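Here's the letter readout for the chains.
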Amino acid sequence: MLLSKMAAEGGGKEMNEIKTQFTTREGLYKLLSHSEYSRPNRVPFNSQGSNPVRVSFVNVNDQSGNGDRLCFNVGRELYFYIYKGVRKAADLSKPIDKRIYKGTQPTCHDFNHLTATAESVSLLVGFSAGQVQLIDPIKKETSKLFNEERLIDKSRVTCVKWVPGSESLFLVAHSSGNMYLYNVEHTCGTTAPHYQLLKQGESFAVHTCKSKSTRNPLLKWTVGEGALNEFAFSPDGKFLACVSQDGFLRVFNFDSVELHGTMKSYFGGLLCVCWSPDGKYIVTGGEDDLVTVWSFVDCRVIARGHGHKSWVSVVAFDPYTTSVEESDPMEFSGSDEDFQDLHFGRDRANSTQSRLSKRNSTDSRPVSVTYRFGSVGQDTQLCLWDLTEDILFPHQPLSRARTHTNVMNATSPPAGSGGTNPGSNGNSITTPGNSVPPPLPRSNSLPHSAVSNAGSKSSVMDGAIASGVSKFATLSLHDRKERHHEKDHKRNHSMGHISSKSSDKLNLVTKTKTDPAKTLGTPLCPRMEDVPLLEPLICKKIAHERLTVLIFLEDCIVTACQEGFICTWARPGKVR
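Residue positions are counted from 1 within each chain, in the order its sequence is given. At least 70 in pLDDT is required for a residue's local features to be given in this predicted model, at least 80 for side-chain atom pairs to be given and counted, and no such filter applies to totals for whole chains, interfaces and linings, which use all residues. The basis for the side-chain values is all heavy atoms of the structure; hydrogens and waters are excluded.

Identification of the protein as WD repeat-containing protein 20 from Anser cygnoides is taken from an unreviewed UniProt entry.

### So, the overall build of the protein
The condition is simple: Numbering of helices and strands starts at the N terminus; helices are DSSP runs of H or I of at least 4 residues and strands are runs of E of at least 2. Throughout this description, buried means an accessible area under 20% of the type-specific maximum (1.4 Å probe, protein chains only), exposed means over 50%, and partly exposed covers the range between. Only the protein chains shown count as covering a residue, and every accessible area follows the Shrake-Rupley method with a 1.4 Å probe.
When helices and strands are counted, the protein shows six helices and 33 strands. Out of the 576 residues belonging to the protein, those deemed buried represent 59%. Accessible surface, the protein as shown: approximately 23,000 Å² in total, 48% of it carbon and sulfur.

### Considerations on the UniProt feature "repeat: WD" (unreviewed entry) in the protein
Our working definition: UniProt positions are given in the numbering used here, feature names are shortened, and annotations may be inferred rather than shown by experiment.
Within this structure's numbering, the places UniProt gives as "repeat: WD" (unreviewed entry) are residues 263–295. Helix makes up 0% of residues 263–295 and strand 61%, with an end-to-end C-alpha separation of 10 Å.

### Description of the sheet that holds strand β10 (residues 141–146)
Let me state the cut-off plainly: By definition, two strands form a pair when at least two bridges between them are found by DSSP. Lines are fitted to the C-alpha atoms to define the axes, a helix being fitted only along its stretch in contact, and any angle between axes, read from their N-to-C directions, falls within 0 to 180 degrees.
In spatial order, the strands read β7-β8-β9-β10; together these four strands make up an open sheet with antiparallel pairing. On the outer flanks of this sheet lie β7 (106–111) and β10, each paired with one strand and no other. In this sheet, adjacent strand axes meet at a mean angle of 20° when their direction is disregarded. Summarising the sheet, strand β9 (residues 132–136) and β10 pair through five bridges and their orientation is antiparallel. Bridging from a neighbouring strand, Gln133 pairs with Leu145 of β10.

### What about the pattern of salt bridges?
To keep things clear, this is the line we draw: Should a side-chain nitrogen of Lys or Arg be within 4 Å of a carboxyl oxygen of Asp or Glu, the pair is scored as a salt bridge.
Taken as a whole and assessed by the stated rule, the structure comprises 12 salt bridges. In this structure, the salt-bridge partner of Arg99 is Asp97, at a minimum N-O distance of 2.9 Å. You can call Asp97 buried: its relative accessible area is 8%. Residues Arg300 and Asp298 are paired through a salt bridge, measuring 3.9 Å at the closest nitrogen-oxygen approach. The same class applies to Arg300 as to Asp298, namely buried.

### Re the confidence of the model for the protein
If pLDDT is low for a region, its predicted coordinates should not be looked at in detail. Our working rule: What pLDDT expresses is the predictor's confidence in each residue, scored from 0 to 100. Here, residues are in contact when the closest pair of their heavy atoms is within 4.5 Å.
In the predicted model, the protein carries a mean pLDDT of 77, and the fraction of residues at 70 or more is 68%. Overall, residues 397–430 carries pLDDT values under 50, and its contacts beyond four positions in sequence, including any with other chains, amount to 68 contacts. Overall, residues 434–512 carries pLDDT values under 50, and its contacts beyond four positions in sequence, including any with other chains, amount to 207 contacts.

### Points about the environment of Leu181
The topology assignment puts Leu181 in strand β13 (residues 178–183). In the structure, Leu181 is positioned 36 residues away from Pro217 in sequence and 5.6 Å away in space, judged by C-alpha atoms.

### Digging into the sheet that holds strand β5 (residues 77–82)
Here four strands make up an open sheet; going across it, the order is β3-β4-β5-β6 and the pairing antiparallel. Strands with a single pairing partner mark the edges of an open sheet, and in this sheet they are β3 (55–59) and β6 (97–100). The mean inter-strand angle of the sheet, taken between neighbouring strand axes irrespective of direction, is 15°.

### Topic: unusual backbone geometry
Leaving glycine out, the prevailing phi sign among residues is negative, and the prevailing peptide bond configuration is trans. Looking along the chain, the bond that leaves Asn216 and enters Pro217 is cis, with omega of -5°. With respect to the element layout, Pro217 can be found in the loop between β15 (204–210) and β16 (219–223). One non-glycine residue with positive phi stands out, namely Lys140, at about 60°. The phi dihedral of Ser203 is positive, around 60°, even though this residue is not glycine.

### Looking at the packing of aromatic side chains
We apply this condition: Only centres within 6.5 Å qualify two rings of Phe, Tyr or Trp (six-membered ring in Trp) as a pair; their planes then separate them into stacked at under 30 degrees, edge-to-face at over 60, and tilted for everything else.
All told, the structure shown has 25 aromatic pairs when counted by the stated rule. Taken together, a centroid distance of 5.9 Å and an interplanar angle of 10° make the contact between Phe72 and Tyr81 stacked. For the pair Phe72 and Tyr81, a shared accessibility class is recorded, and that class is buried. Aromatic pair Tyr79 and Tyr81: ring centres 6.2 Å apart, planes at 20°, arrangement stacked. A network of ring pairs unites the aromatic residues Tyr37, Phe57, Phe72, Tyr79, Tyr81 and Tyr83 as a single cluster.

### Things to note about the pairing of β15
When you tally the buried positions in β15, you get six out of seven residues, the bulk of the element. When strand β14 (residues 194–201) meets β15, the two strands line up antiparallel, connected through seven bridges. In the sheet register, Tyr195 faces β15, and the bridge partner there is Cys209. The antiparallel pairing of β14 with β15 creates a hairpin that spans two residues between the two strands, and Ser203 there sits at a positive phi of about 60°.

### Quick look at the side chain of Asp386
Operational definition: What qualifies as a polar contact is a pair of N or O atoms within 3.5 Å, subject to a donor-acceptor requirement within protein and to the restriction that residues adjacent in sequence count only when both atoms come from side chains.
Here Asp386 lies in strand β27 (residues 381–388). Here the side chain of Asp386 touches Arg372 through a polar contact of 2.6 Å, side chain to side chain.

### Let's talk about the state of the cysteines
Heads up, the rule is: Throughout, disulfides are identified as pairs of cysteine sulfur atoms within 2.5 Å of each other.
Applying the stated rule across the entire model yields zero disulfides. Here Cys274 stays unpaired: no disulfide links it, and the sulfur of Cys272, its closest cysteine neighbor, is 7.6 Å away. A relative accessible area of 5% places Cys274 in the buried class.

### Things to note about the environment of Gln21
Position of Gln21 among the secondary structure elements: in strand β1 (residues 21–24). The sequence separation of Gln21 and Leu31 amounts to 10 residues, and the corresponding C-alpha distance is 5.9 Å. Beyond its immediate stretch of four places on either side in the chain, Gln21 contacts Leu28, Tyr29, Lys30 and Trp569.

### A word on the environment of Phe111
You can see Phe111 is positioned in strand β7. Since its relative accessible area comes to 1%, Phe111 is described here as buried. Aside from chain neighbours lying at most four places away, what touches Phe111 is Ser56, Phe57, Val58, Cys71, Phe80, Val121, Ser122, Leu123 and Trp162.

Printed below as a string of structure tokens:
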């Protein structure tokens, strides 16, 4: 209706034109038509009623120097290709592996970056009927099928990810609102699992699987109301951010199963979530057409961005266009050998656990920080955003460097809008990206360093849970007096109080079901005029169908739409 109206007014052609390039302060980004991946016949997929197209990357470190591999789902089909990126044209006639499923559709997938080699990769695939398959598309093998009889959960798999630092543990979210922790070495049993309560809090509960022998799932998380749409691990793997159809962001300490903080959308469900490379900020997107920036340390909304005209389907940080400038160089211990590269592609943002926003209450050195993130939506538009220090530190004097991001309402949030900063009373808070690699050069293109804490994370998670839930079984199950337990897991209503104890960073709730009108204007969901409103650097229509993928790689940006076309946008100066 809108497009036809604009066409009648003479503005339709320009408004409906698909952009093939755009310019930011770094230079010109250009769509590489020869690098487009799709089904071999290049015919647009009829996307009505099908699950979103998703893309996963892995690097297998082969000798040819072209170790990037690409997996994507379109309808009932799953494809696995060599990804040539900006280097060479895509050869769609030779997929390494292709699978067509009957009676169910793939919905999401994730590679294990720790175990990937040129001869073998472990790929998890979630399905619309609830199953999870472990396949090796290089060997063309199917090794295991989890939840095969749908005894664990019958609803659609919405998100599946390997636990960072682990070769065997993976986490699966469903549209039922449940998440399950699996171990690839264990079976799922022939009967429905019986559960025992491990821990309960505001609108969440965690159960262990009660059985004589260890079986999957190791843990069952029940989170919020409605579908659990996506989750994301913090860069160091210690925290888990979940977004649900009830409109809540919930951030958990994954190891201790504690709720760290919550946030409520302006309205509607939250659909996507991502972490900044240093773990200090979380960005969400959803049915309110907004991107929302949430501070991990302060547990509060610090900015919103408005540029999309429909639901936001993916948000992602760009670690290669995130800049840091400091007046004095800072020394850091450690060497490149201390780090292991866990992830490639979207998760390679881990490589910039760095000096980003390296500031605390005792550090008065001026820091110029710009976080770049992007979003794509059902409005077929790509938006890029810059999060600058005038937003991050509203009470600090502005530094010399200003970016092109327009702040429509850059008033400082009211003093009462942020709750209590747990770190302000001498109780230090460890952010998820606390470990830092060597200093970064002062440029907009960050080098591909590696991920810290990989070894310790692996030993913690694998040692604790590989043989079951031995670590979780030792956790204290006593009820805290200040918590109100709800048997039906009703939506929570924050009173805005955050305890100063790091183990008690839980928002107090009432027993009444959340009324959106009551959360609006609270720290859980501040009013629009109470937080800065960002405008996008660019907002371009880049597809005919809704966009479902946004991944920042070192030399390009990858997007995909529901028609099944995976597009590569070369970064400035990267076209060869």
